[in-house]
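Observations on chain architecture
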Amino acid sequence: MIKTLKQHQFLFRELVKRDFRQKYKKTTLGFIWSILNPLAEFLVLMLIFKNLFSRNTPHYTIYMLVGILTYSYYSNASQTGMQSFLGNAGIIQKIKVPTWIFPISKNVSALFNFFITLILLIPFMIYDHMGFTWKLVFLIYPIILMFFFNLGVSMILASLYVFFKDIQYFYNIFCRLLYFCCAVFWYDTSMSETAQKILHINPIYDFIYYSRMVIIHQQIPTLFDHLVLLGYTILFLGLGILIYRCNKDKFVYYL
């Protein structure tokens, strides 16, 4: 795969640039919208839920912001990744190129966008009197794993979307439900122990939980927490590769 990427590095680089430029094409503020969108969502939720949850929740501002940024990264990567084959049908039909390059380019673009949004954390952490400790280095772990997790989900969705166009509507509904199952703005400890264990079945929540442990509690998550994220990543990336390999030869007939 690395060898193939080197052979097509010009195309890959141009795809990433194109995806990033197209998102903010003909906008005045450009990539600044990467920050303004999650900031606007954060401010609205803070206005609604601040008095309800913040009294009993230390660092509720950071608690919510970490949830919003992490979920937005997953949503952006998976939804754009789902369009990666159909959106590049013209290139796939005319040029002999490995089609897996397209979901990777979408996810790299989403990763760059996520790094931009992380800038939001800095001023709010300062405002909330939170220290910047060496333990923040551990955030590299969930970010790397989430990239490959999102890539796996993207390959699953993109492969299915080629054959079943209705999947985009079902997935939009799924993402709305998933958002409320990630404890983005509500406090997870308000639930019973059994409910909290069920909540950990959601892999996106586990990524959010890991990041909150490092940023808010300034603790290194347990070995089990590390293995859970790794297990989910291997599972979904493996499924994505498997579904892609089983269907890649049929794409050209449906695009």
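Treat the numbers as computed from the prediction; the structure is a model and nothing was measured.

1. Considering the nonpolar core
Among the nonpolar cores identified, the biggest contains 75 residues, and Ile62 and Ile204 are the most heavily contacted of them. With 13 residues, helix α4 (residues 60-82) is the single largest residue contributor to this core. Not counting chain neighbours up to four residues away, the residues in contact with Ile204 comprise Tyr71, Tyr74, Met146, Phe149, Leu178 and Cys182.

2. Regarding helix α8 (residues 140-163)
With 24 residues, α8 extends 36 Å from end C-alpha to end C-alpha; this agrees with the ideal 34 Å at 1.5 Å per step. Judged by how many residues are buried, α8 sits mostly within the fold: 18 of 24 residues are covered.

3. Here we look at the packing of α8 against helix α11 (residues 203-215)
What describes two packed helices is the angle between their axes and the distance between those same axes. The contact between α8 and α11 brings their axes to 10 Å, and the two run at 165°. Relative to α11, the element α8 is oriented roughly antiparallel. Of the two possible hands of crossing, α8 and α11 adopt the one that is left-handed. In this structure, α8 uses Tyr141, Pro142, Leu145, Met146 and Phe149 to contact α11, whose residues at the interface are Pro203, Ile204, Phe207, Tyr210 and Ser211. Considered class by class, the residues forming the contact of α8 with α11 number nine nonpolar, one polar and no charged.

So, how was this worked out
Residues numbered from 1 in each chain as written. Predicted model: local features only at pLDDT ≥ 70, side-chain atom pairs only at ≥ 80, totals over all residues. Heavy atoms only, no water. Core = buried A, V, L, I, M, F, W, Y, C linked by side-chain atoms within 4.5 Å. Buried < 20%, exposed > 50% of the residue type's maximum accessible area, 1.4 Å probe, protein only. Helix = DSSP H or I, 4+ residues; strand = E, 2+ residues; numbered from the N terminus. Contact = heavy atoms within 4.5 Å. Expected span 1.5 Å × (residues − 1). Axes fitted to C-alpha atoms, helices over the stretch in contact; angles between N-to-C directions. Parallel < 35°, antiparallel > 145°, perpendicular 65-115°, else oblique. Left-handed = near helix turned anticlockwise from the far one by under 90°. Nonpolar A, V, L, I, M, F, W, Y, C, P; charged D, E, K, R; others polar.

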